[in-house]
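Spelled out, the chains give:
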Amino acid sequence: MGYYLVVTGKMTLDTGWGRRVRPLGPFSVQIAAPAGTVFDVIAAPYLGRTPRAMADKLRVLDRGAHMVLAEHYTPVHGGRLAAVTLETVTFDRPRLVRFRLVRGPVPRVAEEFALTEHDGITTLAYSGELGTDFGAAGQRWGDQVAAPWEAAVRKSFDAIRAEAERRATPAQP
């Protein structure tokens, strides 16, 4: 029962006792599109209307001009369970998107997507950190959480790249 409550974000243990922090990433992808286009692809489901195709992955609870409060759903255990995180997402167009965990399977996560453009090619870089409590036991839990967390980001980068490059390609007559 405790595992279910922690994974689904219904219970977050945040004691600060024995806090250990590990890096997430870094990794990056090259995208054949301007930074503004890539940024728009990332920000659109948060700042605009969330597409139906993303309804099982994202639910925006509160939306402002440069910040949202959103739930993210990530399938685990072959899709039999969804890990749920509640995060603030801030936007600094067109260079930076930051994510901060409010509630989830670990007490601390801070991430950022940084965009840099050179000659029409954008580098989308990911970095972050994940913190757990309870010393070595928490560190083992953090290692279990980090692998699917990073895999979900890599998968989203593939989708971002495909959509941004589609938008950047001139229409054929």
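See above for the structure.
Below is a summary of the structure that appears in this document.

So, how was this worked out
- Residues numbered from 1 in each chain as written.
- Predicted model: local features only at pLDDT ≥ 70, side-chain atom pairs only at ≥ 80, totals over all residues.
- Heavy atoms only, no water.
- Core = buried A, V, L, I, M, F, W, Y, C linked by side-chain atoms within 4.5 Å.
- Buried < 20%, exposed > 50% of the residue type's maximum accessible area, 1.4 Å probe, protein only.
- Contact = heavy atoms within 4.5 Å.
- Helix = DSSP H or I, 4+ residues; strand = E, 2+ residues; numbered from the N terminus.
- Pairing = 2+ DSSP bridges.
- Expected span 1.5 Å × (residues − 1).

A few points about the nonpolar core
Working step 1: One finds Val-38, Tyr-46, Phe-113, Leu-124, Phe-157 and Ile-160 to be the most contacted residues of the largest nonpolar core, which totals 35 residues.
Working step 2: Apart from the residues within four sequence positions on either side, Phe-113 is in contact with Ile-42, Arg-95, Leu-96, Val-97, Phe-99, Leu-124, Ala-125, Tyr-126, Val-153, Phe-157 and Ile-160.

Things to note about the pairing of strand β4 (residues 81-92)
Working step 1: Among the 12 residues in β4, nine count as buried, and that is most of the element.
Working step 2: Sheet topology places strand β3 (residues 67-76) next to β4; 10 bridges connect them, and they run antiparallel. Considered in β4, the bridge of Tyr-73 is made with Val-84.
Working step 3: Note that β4 and strand β5 (residues 96-103) share seven bridges and pair antiparallel. Its bridge partner lying in β5, Thr-88 is registered against Arg-100.
Working step 4: The turn joining β4 and β5, which pair antiparallel and follow one another in sequence, is formed by three residues.

A closer look at helix α3 (residues 135-168)
Working step 1: The first and last C-alpha atoms of α3 sit 47 Å apart over 34 residues, in line with the 50 Å expected at 1.5 Å per residue.
Working step 2: Within α3, burial applies to Gly-135, Gly-138, Gly-142, Val-145, Ala-146, Trp-149, Glu-150, Val-153, Phe-157, Ile-160 and Ala-164.
Working step 3: Buried positions along α3 lie against β1 (20-31), α2 (35-47), β4, β5, β6 (108-118) and β7 (121-132).

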